[in-house]
Amino acid sequence: MKNIFKSLAFAAMIALALSSCKDEAEIPERGNPINPEKEAAATYEGTWTFVSKVDAVETTTTYNGKLIVSEGEYPYTVKVKLDCPQLVAEAPEYAPPVAFSDGLQCAANITKLSSGVLNYYNSLPENAFSYTRELVGVIDGKITIVPVVSPFYGKITPEGKIDYYMQYSYKDEVSDFFPVEYTLTYRFNGVKLN
């Protein structure tokens, strides 16, 4: 009889240990998926600002234009296309606007902040907006191929305002043996077209 009571007591303890007094906790809902690439995809119209700094001389010009953002091939990526025919037509010889080439797009990562702002960027040293320059050495006449890199970044607000920033920097030798430093900055501020 003692063994039966011990066995029943042991079975009751196991049953109580495996049962719960309240409902099982449910896995919380994941909420809506975040697709910043879909939110960003649009054509934005606004102003391109081109700042050319050659040594210490700085020139600023502005143009009306567009920036087109489309969904990338992978989640959290977009394609960025720069559109400003007037800037291309009026660009100085030392500042070829390669990034504005017809049909050229560059991939970028995109993230969404808790404030709703979308940040996009491409920090690779060489990307689709990079180009190379042939520099001819004045002293030895050697041709050197120099990559001119163009990481870029920007943001899109929940209200549909966008900004974009890209800069090229390089040096050229000139006939008097002093290098000339070039800094070419492209900025865009615009709004989403409906």
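Described in the following lines is the structure provided in the data block.

Cut-off values and rules
- Residues numbered from 1 in each chain as written.
- Predicted model: local features only at pLDDT ≥ 70, side-chain atom pairs only at ≥ 80, totals over all residues.
- Heavy atoms only, no water.
- Helix = DSSP H or I, 4+ residues; strand = E, 2+ residues; numbered from the N terminus.
- Buried < 20%, exposed > 50% of the residue type's maximum accessible area, 1.4 Å probe, protein only.
- Contact = heavy atoms within 4.5 Å.
- Areas by Shrake-Rupley, 256 points an atom, 1.4 Å probe, with all protein chains shown as cover.
- Salt bridge = Lys/Arg side-chain N within 4 Å of Asp/Glu carboxyl O.
- Phe/Tyr/Trp six-rings, centres within 6.5 Å; stacked < 30°, edge-to-face > 60°.
- Core = buried A, V, L, I, M, F, W, Y, C linked by side-chain atoms within 4.5 Å.
- Pairing = 2+ DSSP bridges.

Scanning the protein from terminus to terminus reveals three helices and ten strands. Its helices and strands in sequence order give the protein the pattern α-α-β-β-β-α-β-β-β-β-β-β-β, from N to C terminus. In the protein, which comprises 194 residues, the proportion classed as buried is 31%. Considering only intrachain contacts with a sequence separation of at least 6, the fraction spanning at least 24 residues in the protein is 55%. When the accessible surface of the protein is totalled, it reaches about 12800 Å², and 56% of it is carbon and sulfur.

Counted according to the given criterion, the structure contains three salt bridges. Between Lys112 and Glu39 there is a salt bridge, with the nearest N and O atoms lying 3.0 Å from each other. One end of the pair, Lys112, is in strand S4 (residues 106–112); the other, Glu39, is in helix H2 (residues 36–40), and 73 residues separate them in sequence. Its relative accessible area of 35% is what places Lys112 among the partly exposed residues. Classification of Glu39 as partly exposed rests on a relative accessible area of 34%.

So, about the packing of aromatic side chains. What characterises a pair of aromatic rings is the spacing of the ring centres plus the angle enclosed by the ring planes. Within the structure shown, the criterion is met by nine aromatic pairs. Aromatic pair Phe152 and Tyr164: ring centres 5.4 Å apart, planes at 35 degrees, arrangement tilted. With Phe152 in strand S8 (residues 152–156) and Tyr164 in strand S9 (residues 161–173), this residue pair connects regions lying twelve residues apart in the sequence. Pair check on accessibility: Phe152 and Tyr164 agree, each one buried. Pairwise contacts between aromatic rings join Trp48, Phe50, Phe100, Phe129, Phe152, Tyr164, Tyr168, Tyr186 and Phe188 into one cluster.

Core analysis: the largest hydrophobic core is formed by 36 residues, its most contacted members being Trp48, Leu67, Leu82, Tyr120 and Tyr164. If you list the elements that add at least two residues to this core, you get strand S1 (42–54), strand S2 (57–71), strand S3 (77–83), S4, strand S5 (118–122), S8, S9 and strand S10 (179–192). In this structure Tyr164 touches Trp48, Leu67, Val80, Leu82, Tyr120, Phe129, Phe152, Tyr153, Gly154, Tyr186, Arg187 and Phe188, once residues within four positions along its chain are discounted.

Here we come to the side chain of Ser150. You can see Ser150 is positioned in the loop between strand S7 (143–148) and S8. Not counting residues up to four positions away in its chain, the partners in contact with Ser150 are Pro125, Asn127, Phe129, Ser130, Met166, Gln167 and Tyr168.

In S8, alternate side chains face the same way, and those of Phe152, Gly154 and Ile156 are buried while those of Tyr153 and Lys155 on the opposite face are not. Both S5 and S8 contribute to a ladder of five bridges, which runs antiparallel. Along S8, the bridge assignment pairs Leu118 with Ile156.

This part covers the environment of Glu58. Secondary-structure assignment places Glu58 in strand S2. Glu58 sits in the exposed class, given a relative accessible area of 51%. It is 9.6 Å that separates the C-alpha atoms of Glu58 and Leu184, two residues lying 126 residues apart in sequence. The residues contacting Glu58, other than those within four sequence positions of it, are Val51, Ser52 and Lys53.

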